[in-house]
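Descriptive structure summary
Residues per chain are reported as follows:
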Amino acid sequence: MTTNFIGARIKALREERRLSQDDLARLFGFKDRQTVSAIETGERRVTAEELVLAVEKLGASLDYFTDPFLLVGEGRFSWRQTDVGPQKLSAYERSAGRWIAAFRAIAPQVGRSAPLLRRSLGITRHQRFEDAMEAGERFVAEFGLGDVPAKRLVEVMERELGILVLMVDAFQGISGAACRLPELDVVVINRHEVEGRRHFDLAHELFHILTWDAMPPEHSEEARETGGNRVEQLANNFASAVLMPTQVLDRYGDWSAIGVGDLAGRLNAVANELQVTASALKWRLVAMDRLKPAIARSVPDAALRNNGRDAAPAAVPPLFSKPFMEVIGLAVDEGRVSARRAGALLDLTVDDLADLFTTHGVSSPVDL
């Protein structure tokens, strides 16, 4: 009775119960804590009898230890949110964890293994903001993101970096998250955010994925385009440079020559073209020394709201992503999971599941 995650889940529950490894050794009747340590790190297998003991002694269901479609103690999230309480955030994290765990478990079974190697940025928290911006510019050039980097960013993250990107329905105030598992990197984005914020969140979370080992992000951070702790400021500078590289912005001419009365309109127009927020564009120009801070502050936020439009566009991207739905579709088609089970995992009816396959251009499994 072993899987790669039982030991991690035992450790997670032990820590939640505030038990030491010595405490757990006594509960299980082991001679020393080294046995517990070996189980938690996956070096030692858990027997069927020990699994029954874990259920009894730790007060958890058998599914808690064995269900592959749960994410417990095996990954870390870093959320971008505004005024979302810890209980509400934890509840949503459990939902997102089910989708990620389902992909993690199913993808290798249908021939979609995670990349063997991970990319990383050689940036630490002690480096300058200019270094983060330079890294963003180099990222754009290396992956050929073109004149509107926001358009191809998801594609590059998925195809070139092997990062799973999920567009989701989330509580108001949740912008998105980065999630790091031993074998998988995931970025979750609230698809109901305005387009420019979605793209900024995406690039921001990409920075965290690419620098996770050097500077692991906080579990929760306030979603903002400026400010925050040093790691968040580095992430913001990288994201701004990815979405608004110098070479692209300089094609729009001399920003300092634009009169204050015309500046808001120009910011809104260019932001719409680049699929970013006008506010992010304004502060990117300040960071590039193309606008003076005093001039930028003179442009009222109200003039830049929704990039100068009466309301934000209502169009939202489809739920989840095409690579994600391809994996789910193959699993259903091959009989590895039923359509009803797949729908339940994704909080969808079977009919909604079929519609989502069609939306993403994925062939519906035969049993739908």
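Now for a look at the structure at hand. Fair warning: this is a prediction, and the values are worked out from it, not measured in the lab. (Residues numbered from 1 in each chain as written. Predicted model: local features only at pLDDT ≥ 70, side-chain atom pairs only at ≥ 80, totals over all residues. Heavy atoms only, no water.)

**Concerning the layout of surface pockets**
- Here the largest pocket is characterised by a volume of approximately 900 Å³.
- As for the largest pocket, its lining consists of 36 residues, of which Val154, Glu158, Ser321, Lys322 and Pro323 are closest to the centre.
- Of all elements in the fold, only α6 (86-106), α8 (149-159), β2 (164-168), β4 (184-190), α9 (195-211) and α16 (322-333) reach the threshold of two or more residues within the lining of the largest pocket.
- In terms of residue count, α8 provides more of the lining of the largest pocket than any other element does, six residues in total.
- In the lining of the largest pocket, the residues fall into 19 nonpolar, six polar and 11 charged. (1 Å grid on protein atoms, 1.4 Å probe; cavity = no way out; pocket = protein on both sides within 12 Å on 5 of 7 lines; lining within 4 Å. Points joined across faces, edges and corners; volume = space filled by probe spheres on them. Helix = DSSP H or I, 4+ residues; strand = E, 2+ residues; numbered from the N terminus. Nonpolar A, V, L, I, M, F, W, Y, C, P; charged D, E, K, R; others polar.)

**Digging into the side chain of asparagine 237**
- Turning to its location among the elements, asparagine 237 is positioned in helix α10 (residues 230-243).
- According to the relative accessible area criterion, asparagine 237 is buried, its value standing at 15%. (Buried < 20%, exposed > 50% of the residue type's maximum accessible area, 1.4 Å probe, protein only.)

**Comments concerning the nonpolar core**
- Within the largest apolar cluster, 58 residues are counted, with the highest numbers of intra-cluster contacts made by Phe139, Leu153, Leu206, Phe238, Trp255, Leu274 and Leu281.
- Setting aside anything within four residues of it in sequence, one finds tryptophan 255 in contact with Leu249, Leu263, Arg266, Leu267, Val270, Leu281, Leu285, Arg290 and Leu291.
- Core analysis: the second largest hydrophobic core is formed by 45 residues, Tyr92, Ile174, Val186 and Leu348 among them. (Core = buried A, V, L, I, M, F, W, Y, C linked by side-chain atoms within 4.5 Å. Contact = heavy atoms within 4.5 Å.)

**Here we look at the pairing of β2**
- Most of β2 is tucked away: five of the five residues are buried.
- Judged by which residues are buried, β2 turns out to be covered on both faces: Leu164, Leu166 and Val168 on one side and Val165 and Met167 on the other are all buried.
- Sheet topology note: the β2/β4 ladder contains five bridges and is parallel. Across the sheet, methionine 167 pairs through a bridge with isoleucine 189, a residue of β4. (Pairing = 2+ DSSP bridges.)

**Some thoughts on unusual backbone geometry**
- Residue aspartate 83 is not a glycine yet carries a positive backbone phi of 60°.
- Looking at the element boundaries, aspartate 83 is found in the loop between β1 (76-81) and α6.
- Take aspartate 83: its relative accessible area is 79%, and that puts it in the exposed class.

**With respect to the pairing of β1**
- For β1, the tally of buried residues reaches five of six residues, placing the bulk of the element in the interior.
- The sheet contact formed by β1 and strand β3 (residues 174-181) spans six bridges and is antiparallel. Within β3, the residue paired with phenylalanine 77 across the bridge is cysteine 179.
- Summarising the sheet, β1 and strand β5 (residues 220-222) pair through three bridges and their orientation is parallel.

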